[in-house]
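# Chains, contacts and geometry: an overview
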Amino acid sequence: MKYVIGVDLGTSAVKTVLVDPQGKVAFEHSESYPLSRPQPNWSEQNPEDWVNGTLVSLRRLMEVSGVEPSQVDGISFSGQMHGLVLVDGEGKVLRPAILWNDTRTTAQCRRIEKTLGGKLIDIARNKALEGFTLPKILWVQENEPNVLEAAKQFLLPKDYVRFRLTGDYAMDYSDAAGTLLLDVGAKEWSAEIAEAFSLPLSLCPKLVESFDQTGTLLPEIAEASGLLATTKVFAGGADNACGALGAGILGEGRTMCSIGTSGVVLSYESNKDLNLEGKVHFFNHGEKDAYYIMGVTLAAGHSLTWFKETFAADKSFNELLAGVSQIPAGSSGLLFTPYISGERTPHPDANIRGSFIGMDSGHTLSHFARAVLEGITFSLRESIEIVRESGKTINEIVAIGGGAKNEDWLQMQADIFGASIIRLESEQGPAMGAAMLAAYGAGWFKSLGECAESFIRPADVYKPNAEQSAVYDGLFKLYQEVYGQTRELNEKLAAYRQ
């Protein structure tokens, strides 16, 4: 029996999965690591924590499974997007990594817009947002110039881990698309964007396909992980691109909704010339010469976690959501907006903040819990409507992530989105996508589509309830009014945030 390993480098933990040729996850293991917030709006991590967590997780995966190292055909990666890792000529990290959810770079975003104007959308296909990598590089350029001068390469999180495992610098197209330095259609680093900000193109690593082999394990890494030094290592992809692979989003009209810390609506796209003027993200897919449209809710699952930890710390998530099914659609007039970390789609606004509207003395904890679920789902519907407006028909959506683990929430998604929601038999999200890249790269399948047919199996389908959907259509219109009516107030309240 042969196996591949998918490594999913998340924001809070690294997850490894051992997968057989039928797509069955034989074993899995996770290792968590800390997140640092040294100042308001900052979010950083020590890249060595990722490496150490990955090695521990790989070793424990091999120990618990009892699989022989020679049975592992390859490893590939999924990783949190946008995070900036700067290394010197020796490969030494020069400063803590600045993560995707770090919002210190508003001034740098405005600088990018002023400098490039419409060329940014034409080349990079995405707006300048605080989460992207180029604004982070410019922040370092302006605030820590000595660090940038010492940098030989910039890497994204999973690419740094892969470098430490193999000694090879590389970045795949799906992750590079989230830097604002890639010409997304041409699939090459943009000399025009780099030169506009006095950045040498040599700072950018070589570009590879997600399924390309980028080396084998260094001897000391092989020993630490319990694997062979000859184990093939494949480039991998951005977490959302890998999530799309793991959900079988490999053809026109295929759409997924992923609810983790953030929330994502993603739809397959084959037209490299499609330009949606930055209304949603447009990135390279893990499949060669394919793309995807994506909308993001910054605080999706994070909103639910924040609510539980703040108001129901003594309860498990199952206990918190146990009474949700007894609450009517609309939570008896209670509306939540999940802007607790700012927002991205359709409002690229780092300063907007969340709200509960319509509270009265009759509302219970279950009303609030349901309102949080509804608010997250309304935010994701805004992205779905933009994709529909681009001409796509969305009647089925594959649900992955934490939002696919609760039946009440799955039905709520069907009712709010007005589409059938498909839950998969084995939902491993980006980790499965990473394993698929390793399986395809290792030659198990002739295409990623063939791999998906073998690896991915639907389990349940949740169809929209017409009566519930009608209620939600009305509430959705009210939800859409909240942002515009509270933006000015939120800007004034920002002065009081400590």
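Attention here is on the structure that accompanies the text. None of these values were measured; they are calculated from a predicted model. (Residues numbered from 1 in each chain as written. Predicted model: local features only at pLDDT ≥ 70, side-chain atom pairs only at ≥ 80, totals over all residues. Heavy atoms only, no water.)

## Quick look at the overall build of the chain
A count of helical and extended segments in the chain gives 17 helices and 24 strands. What you see for the chain is a C-alpha radius of gyration of 22 Å, in line with the 23 Å of a compact globule of 498 residues. Judged by the C-alpha coordinates and their principal axes, the chain covers about 65 × 50 × 45 Å. Among the 498 residues that make up the chain, the fraction classed as buried is 60%. Taking as baseline every contact in the chain between residues at least 6 positions apart, the subset at least 24 positions apart corresponds to 71%. Carbon and sulfur atoms make up 48% of the accessible area of the chain, which amounts to about 18900 Å² in all. The positive charge centre, built from 44 side chains, and the negative charge centre, built from 62, are 1 Å apart in the chain. (Helix = DSSP H or I, 4+ residues; strand = E, 2+ residues; numbered from the N terminus. Rg over C-alpha atoms; globule rule 2.2 N^0.38 Å. Buried < 20%, exposed > 50% of the residue type's maximum accessible area, 1.4 Å probe, protein only. Contact = heavy atoms within 4.5 Å. Areas by Shrake-Rupley, 256 points an atom, 1.4 Å probe, with all protein chains shown as cover. Lys, Arg positive; Asp, Glu negative; His and termini not counted. Charge placed at Lys NZ, Arg CZ, Asp CG, Glu CD.)

## Here we look at the sheet that holds strand E17 (residues 263-269)
The strand order across the open sheet built from seven strands is E18-E19-E17-E16-E22-E23-E24, with neighbouring strands paired in mixed fashion. Edge strands, defined here as strands with exactly one partner in the open sheet, are strand E18 (281-284) and strand E24 (458-462). Across the sheet, the mean angle separating the axes of adjacent strands is 30° when strand polarity is ignored. Where E18 lies against strand E19 (residues 291-297), four bridges are found, and the strand directions are antiparallel. Within E19, the position partnered with Asn284 by the bridge is Tyr291. (Pairing = 2+ DSSP bridges. Axes fitted to C-alpha atoms, helices over the stretch in contact; angles between N-to-C directions.)

## Brief notes about the packing of aromatic side chains
Overall, the coordinates contain 21 aromatic pairs when judged by the stated rule. Relative to Phe455, the ring of Phe445 lies with its centre 5.6 Å away and its plane at 85°, an arrangement referred to as edge-to-face. Placement of Phe445 in the loop between helix H15 (430-441) and helix H16 (448-455) and of Phe455 in helix H16 is noted, with a sequence separation of 10 residues between them. According to the relative accessible area criterion, Phe455 is buried, its value standing at 2%. Through a chain of ring-to-ring contacts, the aromatic side chains of Trp306, Phe307, Phe311, Phe336, Phe356 and Phe368 assemble into a single cluster. A cation over an aromatic ring shows up here: Arg104 above the ring of Trp42, its NZ or CZ 3.5 Å from the ring centre. (Phe/Tyr/Trp six-rings, centres within 6.5 Å; stacked < 30°, edge-to-face > 60°. Lys NZ or Arg CZ within 6 Å of the ring centre and 35° of its normal.)

## Here's the deal with empty space enclosed by the protein
Using the criterion set out here, one finds five cavities of 30 Å³ or more in the structure. Within this model, the largest cavity holds a volume of roughly 100 Å³. Forming the walls of the largest cavity are 13 residues, and the residues nearest its centre are Glu130, Gly131, Leu298, Glu343 and Arg344. Here the second largest cavity is characterised by a volume of approximately 50 Å³. Lining the second largest cavity are Gly246, Leu424, Ser426, Gln428, Met432, Phe455, Ile456 and Arg457. (1 Å grid on protein atoms, 1.4 Å probe; cavity = no way out; pocket = protein on both sides within 12 Å on 5 of 7 lines; lining within 4 Å. Points joined across faces, edges and corners; volume = space filled by probe spheres on them.)

Any functional reading would require information that these geometric values do not contain.
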